[in-house]
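Next come the chains, spelled out residue by residue.
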Amino acid sequence: MHRRRDLGGIVFIDLRDRAGIVQVAVGPTAPEEARRVAGGLTSESVVEVDGQVAARPANMKNPDLATGEVEVQATKLAVVAPAATPAIPVARGKGEELPAEELRLKHRHLDLRRPEMQSNFILRHRLLQRARRTLSELEFLEIETPVLTKPTPEGARDYLVPSRVHPGEFYALPQSPQIYKQLLMVAGFDRYFQLARCFRDEDLRNDRQPEFTQIDLEASFVGQEDVLGYVEAVLVSLWDEAGHKIARPFPRITWRDAMERYGTDKPDLRFGFPIADWTAQVKPLAVPFFQSALKDGARVRGLAVKGGGVLSRKDVDQLAEAAKQLGGAGLAWVKRQGEQIAGSVGKHFTAEALGALGVGDGDAALMTVGPDRVTSPVLDRVRQEVIRRLGASPTAAHAFCWVVDFPLFEPDPETGKPVFAHHPFTSPHPDDIARLDTDPFSCRALHYDAVYNGNELGSGSIRITDAAIQRRVFGHLGMSPEDAETRFGFLLSGLQAGAPPHGGFAIGFDRVTMLLAGAGSLRDVIAFPKTTTARALFEGAPAPASPADLAALHIEVKR
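Calculation notes
- Residues numbered from 1 in each chain as written.
- Predicted model: local features only at pLDDT ≥ 70, side-chain atom pairs only at ≥ 80, totals over all residues.
- Heavy atoms only, no water.
- Helix = DSSP H or I, 4+ residues; strand = E, 2+ residues; numbered from the N terminus.
- Buried < 20%, exposed > 50% of the residue type's maximum accessible area, 1.4 Å probe, protein only.
- Contact = heavy atoms within 4.5 Å.
- Expected span 1.5 Å × (residues − 1).
- 1 Å grid on protein atoms, 1.4 Å probe; cavity = no way out; pocket = protein on both sides within 12 Å on 5 of 7 lines; lining within 4 Å.
- Points joined across faces, edges and corners; volume = space filled by probe spheres on them.
- Nonpolar A, V, L, I, M, F, W, Y, C, P; charged D, E, K, R; others polar.
- Pairing = 2+ DSSP bridges.
- Axes fitted to C-alpha atoms, helices over the stretch in contact; angles between N-to-C directions.

Trainee: Help me understand the environment of Glu 101 in this model?
Mentor: Mapped onto the secondary structure, Glu 101 falls in helix α2 (residues 101-106). The partly exposed category is assigned to Glu 101, whose relative accessible area is 27%. As for Glu 101 and Ile 507, which are separated by 406 residues in sequence, their C-alpha atoms are 27 Å apart. For Glu 101, the contacting residues outside a window of four places in its chain are Ser 521 and Arg 523.

Trainee: Would you mind going over unusual backbone geometry with me for this structure?
Mentor: Trans peptide bonds make up most of the peptide bonds, and negative phi angles are found at most residues other than glycine. Residue Arg 248 is joined to Pro 249 through a cis peptide bond whose omega torsion reads 10°. By the element assignment, Pro 249 lies in the loop between α6 (224-241) and β11 (252-254). For the bond from Ala 541 to Pro 542, the omega torsion is -5°, close enough to zero to count as cis. Take Pro 542: it is sitting in the loop between α15 (509-517) and α16 (547-552). Of note, Phe 221 is a non-glycine position whose phi angle comes to about 55°, a positive value. For Phe 221, the location among the structural elements is in the loop between β10 (211-220) and α6. Not every positive phi belongs to a glycine, and Asn 453 is a case in point at roughly 50°.

Trainee: I tried to follow helix α10 (residues 313-325) on my own but got confused; where do I start?
Mentor: Between its first and last C-alpha atoms α10 spans 18 Å; for 13 residues at 1.5 Å apiece the expected length is 18 Å, and the two agree. For α10, the secondary structure elements touched by its buried residues are β14 (332-337), β16 (364-370) and α12 (372-390). Within two residues after α10, Gly 327 carries a phi angle of roughly 90°, on the positive side.

Trainee: Which parts of the structure should I look at to understand the environment of Asp 14?
Mentor: Tracing the backbone through its elements, the reader meets Asp 14 in strand β2 (residues 11-17). Looking at Asp 14, the relative accessible area reads 11%, which means it is buried. In the structure, Asp 14 is positioned 149 residues away from Ser 163 in sequence and 52 Å away in space, judged by C-alpha atoms. In this structure Asp 14 touches Met 1, His 2, Arg 3, Arg 5, Ile 21, Val 22 and Gln 23, once residues within four positions along its chain are discounted.

Trainee: Hey, could you run me through the layout of surface pockets in this one?
Mentor: Empty space among the atoms can be located by rolling a probe the size of a water molecule over them. Of the volumes computed, that of the second largest pocket is approximately 1,000 Å³. Lining the second largest pocket are 35 residues, and of these His 2, Arg 16, Gly 20, Ile 21 and Pro 115 sit closest to its centre. Every element with two or more residues in the lining of the second largest pocket is listed here: β1 (3-6), β2, β3 (20-26), β4 (46-55) and α4 (115-137). When residues in the lining of the second largest pocket are grouped by element, the largest group, five residues, is from α4. Split into classes, the residues belonging to the lining of the second largest pocket amount to 13 nonpolar, nine polar and 13 charged.

Trainee: Is there a simple way to explain the sheet that holds strand β20 (residues 447-452) in this structure?
Mentor: Through backbone hydrogen bonds, the strands of a sheet pair up, either in parallel or in antiparallel fashion. Across the sheet, which stays open at both edges, the eight strands sit in the order β6-β9-β10-β22-β21-β20-β17-β11 with mixed pairing between neighbours. A strand with exactly one partner marks an edge of an open sheet, and here the two such strands are β6 (141-142) and β11. Relative to strand β17 (residues 400-404), β11 runs parallel, the two sharing three bridges. Residue Thr 254 lies in a different strand from β17, and its bridge partner there is Val 404. Across the sheet, α4 lies against β6, β9 (191-199) and β10, angled at about 150° from β9, the strand it touches most. Along the sheet, α15 contacts β10, β20, β21 (455-462) and β22 (502-508); its crossing angle with β22, the most-contacted strand, is approximately 45°.

What follows is the structure, encoded as structure tokens:
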């Protein structure tokens, strides 16, 4: 029972199930028992109605309701399960705000009754089935891989599961099916996919959960172009299922260009405002803000903001504060209005100097200085804020792209030693493999990311199939031959059995569903999600284990 309206002689009941809402009328000609039940019906109670479907009077039709031209004139009304007063409201009026998310998660069974939530999960089901159908038509086989597996490093901490029958030993929940799907290629299955459950013990954000679903795929005898084609086919079909027509192939942008022009490896290509290197143009101006920092590879980089003259001093100060919070030196700015030039470094610029930066009448220049590792995230944030504050119009509703040619290694922020940029099974670019031992940081990877409107949808790569190269990569990561054998011996053994060239991809399915549903958080498209502190409020997890259970697992908890 969604809503009840008692008009004295007649009671109207909005009856709700997952298909939608229909109006039930209990009028003066209805049996006395039906009228008695209707009079005392409580919100969210489960009811059973018999009656006649009839056309509504012309002046009572509701064009906003799919069933708005008819109603059920009740002849029998029974309460199947009465409901206590709901802890949170399910039916909401226009403009009425939702209860706090924590309260909704605590009463998730009621929150999931909301029609908008049910719509999200109906869409999720349709997207799952469409992904299965598309990959099956591409001759991929759905194969399940283990959930209890061996701890392996994939960029986050593992969830460990103690073994009762093997004291002191542990399984791990998989961060991804990575090694198993490679072994399936060694085993000759050629094309694999799975709607895989994955687990990562990491800090949470709106777009992260400790357990999540990915559309995982792998194929043999393929190169990068083949894998990109498979993934494009899946993504185009998912957007089609949600009612959007997407053109392919997607444009390509190298990782280096993405970082140079947008400051991020997941650029939002719906808008302009590319980042530019202004070091050469600014250096002769002897701006004190820049001069002291232009050393050790630092550069002056910035944005020419068309129409940026409308940005207020408060806007610019807030942008500068955001830059400092990200470790930047701050933000220098110049605005031009006709012949007037203003800004924190405006006195150093002429109209001609601003023109060389692409800054015209009514525009602004926002710039900072430092090494790329600092200025890129700063200018990425500034660009996003400029787009938001100016209310910039997108050039397209759906902007997909591939980011390719990622680095194979990146320096550890503390030690400077190589760590894998993604995972250690990614093949070096064939043009760079000769430098693997002499200059590992210059090696590109056969790695690729799918990006949509500034959101990373997933990652993939062509894999290492030569056991000797795989051992060399492990060595660069600080693993001794013995350590590599202990941790990855089962993969190395598989590669030595003869591995076909293969590559794959993983699409973050929860994120795709969130974007296509227009939801604000992953928690709106996952039935029973965790909070940002990794707690399940509805069922009360995690929870302490009993001393008997701990003893059976040979575990002692130290507080």
